[in-house]
Amino acid sequence: MSLALIAALPFLGALLPGLMIRAGRNACAMTTGFVTALALLMLGLHAPAVLRGEVIQTRIEWLPGLGLNANFFLDGLGLLFAGLILGIGLLIILYARFYLSKSDPMGQFYTYLMLFQGAMVGIVLSDNILLLLVFWELTSLSSFLLIGYWKHLPEGRQGARMALTVTGAGGLAMIAGMLILGNIAGSYDLTVILQNKEAIQASEWYLPALILILLGAFTKSAQFPFHFWLPHAMAAPTPVSAYLHSATMVKAGLFLMARMWPVLAGTPEWFYIVATTGLVTMVLAAKIALFKDDLKALLAFSTVSHLGLITMLLGFGTKAAATVAMFHIINHATFKAALFMSAGIVDHEAHTRDIKRLGGLRHLMPVTFAIALIASLSMAGIPPLNGFLSKEMMLEETAHTVWAGSHWLMPVLATLGALFSVAYSFRFLAHTFLGPVRDDYPHKPHDPGFGMWAAPALLAALVVIIGLVPMTAAGWLVDAAAGAVTGEPVAAKIKHWHGLGSPALWMSVLAVGGGLMLLASHARLDAIWNATPRPEAKRIFDGIVEPLAALARRVTAISHDGSLTRYLAIATVTITALGYYAWATADHGTGTRALTPIQTVPAIGWFLLVVSSLALVAFHRNRLLTLVLVGVIGLMVSVGFAYMSAPDLALTQISVEVATVILLLLALNFLPKTTPVESSGGRKLRDGLIAAFGGTGVGVLIYALMTRDFAFPSIAEYHLANSYKEGGGTNVVNVILVDFRGYDTFGEITVLGIGAIVIYALTEALLRGGPANDRLLAWSPDQRRAGDRHPLMLVVATRLMLPVALIVGVYIFLRGHNMPGGGFIAGLVVAIALVMQYMASGFAWTQARQKIDYHALIGAGVLIAAATGIGAWFNGVPFLTSDFGYVNIWPLEEFELATAALFDLGVFLTVLGAVMLALASLSRIAIRAGETINVDAFDIHPENDGPRTEPATTTTEAR
Amino acid sequence: MELLVASAIGVMTAVGIYLILRQRTFPVIVGLAMLSYAVNVFIFASGRIKIGFPPILNKYAETSYTDPLTQALVLTAIVISFGMTAVIVMMALGSFLETGDDRIDMTDKTDGEDA
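Here the structure is a predicted model, which means the values were calculated and not measured.

Rules and cut-offs
- Residues numbered from 1 in each chain as written.
- Chains lettered and ligands numbered in written order.
- Predicted model: local features only at pLDDT ≥ 70, side-chain atom pairs only at ≥ 80, totals over all residues.
- Heavy atoms only, no water.
- Helix = DSSP H or I, 4+ residues; strand = E, 2+ residues; numbered from the N terminus.
- Contact = heavy atoms within 4.5 Å.
- Areas by Shrake-Rupley, 256 points an atom, 1.4 Å probe, with all protein chains shown as cover.
- Lys, Arg positive; Asp, Glu negative; His and termini not counted.
- Charge placed at Lys NZ, Arg CZ, Asp CG, Glu CD.
- UniProt positions renumbered as here; feature names shortened; annotations may be inferred.
- Axes fitted to C-alpha atoms, helices over the stretch in contact; angles between N-to-C directions.
- Parallel < 35°, antiparallel > 145°, perpendicular 65-115°, else oblique.
- Left-handed = near helix turned anticlockwise from the far one by under 90°.
- Nonpolar A, V, L, I, M, F, W, Y, C, P; charged D, E, K, R; others polar.
- Salt bridge = Lys/Arg side-chain N within 4 Å of Asp/Glu carboxyl O.
- Polar contact = N/O pair within 3.5 Å; in protein donor to acceptor, adjacent residues only side chain to side chain.
- Buried < 20%, exposed > 50% of the residue type's maximum accessible area, 1.4 Å probe, protein only.
- Phe/Tyr/Trp six-rings, centres within 6.5 Å; stacked < 30°, edge-to-face > 60°.
- Lys NZ or Arg CZ within 6 Å of the ring centre and 35° of its normal.
- Domains from an automatic or database assignment.
- Expected span 1.5 Å × (residues − 1).
- Bend = angle between axes of the 7 residues up to and from the residue.
- Core = buried A, V, L, I, M, F, W, Y, C linked by side-chain atoms within 4.5 Å.

Once that is clear, we can look at the overall build of chain A. Scanning chain A from terminus to terminus reveals 39 helices and four strands. Principal-axis analysis of the C-alpha atoms places the extent of chain A at approximately 115 × 70 × 70 Å. Expressed as a percentage of contacts within chain A between residues at least 6 apart in sequence, the contacts between residues at least 24 apart total 79%. By element, 70% of the accessible surface of chain A is carried by carbon and sulfur atoms, the whole surface being about 40500 Å². Charged side chains of chain A number 58 positive and 57 negative; the gap between the two group centres comes to 10 Å.

Okay, structure coming up:
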């Protein structure tokens, strides 16, 4: 369980910063850091076992039918990456606390950061490739949020979009590759796939799968020719760059290649694709880095170059090379994170990252200089720092690698890459920190506070320690990780001195010497570089994306032009045509089921329904008449239900009918009373044809259905047989609602409650001010008002009816389990009884006399239903399992007590609250429109012979 | 009886479709209400028609019952369609009050230009 918890912790932690920021920035950063530290601690507790060579697994079935399970495992490779992600994450959290300015929303930043961290940890711990893909896409999404964190900067938005497009597209390719891989192996579990090397490499699908997976890895790790997104992602705040580009995002691609190494590596295809791409990326990016003036852009390209280096090593497919790759991942993470943070400090203090405007900072920022010195010397590969060790080992590996029969190509190009690397590292150092102090910095720089340089200083210390005692400081981790990658025990020998006979030594010397010479002539080379035209990746990218976006926009404009009528017409015609097509092409005879005889009274009801429906079309412009006709139709439908053995439906339909008509009447008060003639004759004909087409289709379909027997045995029999035995009720419909399908009902009342709250929110928004509010305040009734709005007869009758109606409601509720009735119907009946009071004496009068909060009613309803369901857990049975028993209390008859009744109470309360809240919201609009509020129950009081003398008060609604 | 039910469903569907193709909010709302009737009766009727056999268990005699499952489905559907009608009525009212117009189609074309 704890592995899943490690992956889940950052996601849970993502909820906290938004809350904690209210307690201040320190509290926010500390909470975030605490969560990360906790995850790191839990990881650390597993470390001893993993280092002993054990693999820790957690398996949770999620969607076993799809092969998607939340399985996690932790081996040496996972430990290395998870350690980097969480460890460097912790330092970034500290650094960001001091880096972000007061105007930056810090809570948001940490939330995004934690989401990203969780996704990364998820990738490295996943034991299921489908799960891995989910996390993979999550990193693309959360890095989009992080890169675009400064939303006000167009570069930030564009960089974020580019990163998302490139890595997202690569992720899509990878999904396909992973599915192929899973298909070959017969399982989506990584541990199973990793044992199927022969089957996978022998498959004809090996090459397509390899290419697709590598597309995902290369785009993520910014390998040539997908390297261009990474420098644009530098528009992000520096902590983000430091995190994404040293330890996490771009390393995800490397991780994937390392993870898949046991099954994919070792073939010529793997070698030529991966090693060549890595080599090209390493050399090309190192050369570009040399000519970048922006500190972060320089570091970005150097990152691309180092990623290429590691990719190349993985591409060699040998155990030794994979070991070096693991070691360099550690080293690169340490020195590159430190360098990014130093660049951020320079930017923060000097207000510029332009290398041409800097120089001489050594005197002004000695601490930062010291950190940058160590880190950039390590990047250049100067002994005895850790960068030197892994670079030396890398050169050694290339010296033994043959590329297409050539012994010299690999070592020469690798040395060239190292040479560029030396040059840009020293340029970073020399042009920023060395030289004379200038007097034209945009802002006078000085060292920042301890909080800001603590994190990079710690990393710089690690650089030195790993450099001095590599075997003690990192050897064990490299062994564990490389052992997991290669599947064989590894004992790395990391040494500073390999003897004079070692080719790597001379390659190194050449690189350092050449690099220094290159730097010396940098000014001249820079001029040549700037004069040579070269392809601008962003322009090419935009050139591809913009026409696509324009095309998408055109298609949208045609198909999605804002005309609802058009969508509905297209949808109706398409669906009906498909239905007709299925009907015409399938083989079917006529129905064999015996027809039910037609009797006179139902035939009259049918006649009324059909005539009203047709009249509805003819008179739909007169909206009040429409309501009357809808009422007739609804009445006929409910009578029909009653006739056709559905008493529950009849009761529900008729009470809903009343509520609907009242609702529509209230709304019609403000809407125009007639619909103008707009459609041309042709259009009416078209719509009429569509309607007839659809109506006939539906009618024929249901006729065909009703005249045939069930194709499969109906599950209705089960419900009929078990309703009394297991549900304890004889009204099967009600038992299904509150018991068999209680979960559905629970969902439905929740939806109903949400619907009512949406109505309330809409009302609030309308009444808050703005054109709707102005229009309401200036409202003048477009129809004559009755002189006596609250007639005596109605008031007296509803008052008398209220207790009766409430008793009926209680009765219907109680008998629901055994006879027609139940919570839904009772809720509607009681709601109508209450609404009658509103109608009789007005909203305000009634509101003043009842103290029920409808929101609370809805909430209580849903909560009671949920609590009933949860109660089942205490009995050790699943959610919403009901229980019942029979009790005898003298002098009553034997009666039943069922938990389902409690659930039904929740239904009752929700329905009541929802209906009342909807209608009350409309009344509030009426009051805002100047509806008079009456103080008395009647307009014309029987004791005074005539209208009241004092005018009714006209006030707007009191808030 | 089957013929009556089927033709009633057909007529209600046709009227519903015709009305939702109108260009003002109110007829569209009424059209949706008509479609709700039609769909509810359709689902109900798919349990086949039986007259005089409500699904209330009879303790004292062996008898047959009509399909309770479709009834249970339709019962909640009726209540939910009320909720849906209430929400769209409110939306229609809101849009009329905001714009002074109860047309259903968007008339002004605003192209969202992204940065």
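Those residues carrying the UniProt feature "domain: MrpA C-terminal/MbhE" (unreviewed entry) are residues 683-774 of chain A in this numbering. The span residues 683-774 of chain A is 82% helix and 0% strand, and its two end C-alpha atoms sit 36 Å from each other.

Under the UniProt annotation, "domain: NADH:quinone oxidoreductase/Mrp antiporter transmembrane" (unreviewed entry) lies at residues 126-419 of chain A. In this annotation, residues 126-419 of chain A is assigned 77% helix and 0% strand; the end-to-end C-alpha distance for the span is 38 Å.

Another aspect to go through is the packing of helix α6 (residues 129-147) of chain A against helix α13 (residues 249-264) of chain A. Residues and elements named next belong to chain A. Contact geometry for α6 and α13: axes closest at 11 Å, N-to-C directions at 165°. Looking at the two axes, α6 sits roughly antiparallel to α13. Classified by chirality, the crossing of α13 by α6 is left-handed. Across from Ile129, Leu132, Trp136, Thr139 and Ser143 in α6, the residues of α13 making contact are Met249, Ala252, Gly253, Leu256 and Met260. Across the contact of α6 with α13, the residue classes tally to seven nonpolar, three polar and no charged.

Facing the 84 residues of chain B at the interface are 116 residues of chain A. For the interface between chain B and chain A, the tally reads four salt bridges. Measuring nitrogen to oxygen at the nearest pair gives 2.7 Å for the salt bridge that ties Arg24(B) to Glu678(A). Run the count over chain B and chain A and you get 23 residue pairs in polar contact (both at pLDDT 80 or more). Counting only elements with at least two residues in the side of chain B that touches chain A, the list comes to α1 (2-20), α2 (25-45) and α3 (68-99) of chain B. Looking at the side of chain B that touches chain A, the element that brings in the most residues is α3(B), giving 25 residues.

On the secondary structure map, Ile51(B) appears in the loop between α2 and α3. For Ile51(B), a relative accessible area of 27% puts it in the partly exposed group. Taking C-alpha positions, Ile51(B) is 9.8 Å from Met1(B), a pair spaced 50 residues apart along the chain. If we skip the residues at most four places from it in the chain, Ile51(B) touches Thr596(A), Tyr643(A), Met644(A), Ser645(A) and Met1(B).

A separate point is the packing of aromatic side chains. Any two aromatic rings considered together are summarised by their centre-to-centre distance and by the angle between their planes. Per the counting criterion, the structure on display carries 22 aromatic pairs over all chains. Grouping aromatic residues by their ring pairs yields a cluster made of Phe271(A), Tyr272(A), Phe316(A) and Trp403(A). A cation sits over an aromatic face here: Arg97(A) above Phe98(A), 5.1 Å from the ring centre. Between Arg22(B) and the ring centre of Tyr18(B), over which it is positioned, the NZ or CZ distance is 4.2 Å.

How big an interface is tends to be stated in terms of accessible area lost as the parts join. Domain assignment breaks chain A into domain 1 (290-554), domain 2 (596-677) and domain 3 (731-959). Between domain 1 of chain A and domain 3 of chain A, the C-alpha centre-to-centre distance is 70 Å.

Look at helix α3 (residues 25-51) of chain A: 38 Å from first C-alpha to last across 27 residues, which is about the 39 Å you get at 1.5 Å a residue. In α3(A), a bend of some 30° at Leu45(A) exceeds every other bend along the element, and Pro48(A), a proline, comes one to four places later.

This paragraph deals with the nonpolar core. All names here are of chain A. By size, the foremost hydrophobic cluster in this structure holds 202 residues, and its most contacted members are Trp229, Leu264, Trp270 and Met326. It is helix α16 (residues 319-350) that provides the largest number of residues to this core, a total of 19 residues. Among all residues touching leucine 264, those that are not within four sequence positions of it are Leu181, Ile200, Gln201, Tyr206, Leu210, Ile213 and Trp270.

Let us look at the pattern of salt bridges. Taken as a whole, this structure holds 24 salt bridges over all chains when the rule is applied. With a shortest N-O distance of 2.3 Å, Asp75(A) and Arg259(A) are connected by a salt bridge. Here Asp75(A) is found in the loop between β2 (72-74) and α4 (76-99), whereas its partner Arg259(A) is found in helix α13, with 184 residues between them in sequence. Looking at Asp75(A), the relative accessible area reads 8%, which means it is buried. Asp102(B) is the partner of Arg623(A) in a salt bridge, and the nearest nitrogen-oxygen pair spans 3.0 Å. With one member in each of two chains, Arg623(A) in helix α28 (residues 623-643) and Asp102(B) in the segment after α3 form a pair that bridges those chains. Per residue, the accessibility class of Arg623(A) equals that of Asp102(B), and both read buried. What you see here is one network of salt bridges that share partners, running through Arg623(A), Glu678(A), Arg24(B), Asp101(B), Asp102(B) and Arg103(B).

So, about the environment of Leu902(A). Residue and element names in this part refer to chain A. Structurally, the position occupied by leucine 902 is in helix α39 (residues 899-928). Under the relative-accessibility criterion, leucine 902 is labelled partly exposed at 46%. Residues leucine 902 and alanine 867 lie 35 residues apart in sequence; the distance between their C-alpha atoms is 9.3 Å. Once you skip the residues sitting within four places of it in the chain, leucine 902 turns out to touch Ile864 and Thr868.

In this section: the packing of helix α29 (residues 647-668) of chain A against α2(B). Interaxial distance between α29(A) and α2(B) falls to 13 Å at its minimum, and their mutual angle equals 175°. Here α29(A) is positioned roughly antiparallel relative to α2(B), judged by the angle of their axes. Taking contact as the criterion, the partners of Leu649(A), Gln653(A), Glu657(A), Leu664(A) and Leu668(A) in α29(A) are, on α2(B), Phe26(B), Ile29(B), Tyr37(B) and Phe44(B). Its residues assigned to classes, the contact of α29(A) with α2(B) comprises seven nonpolar, one polar and one charged.

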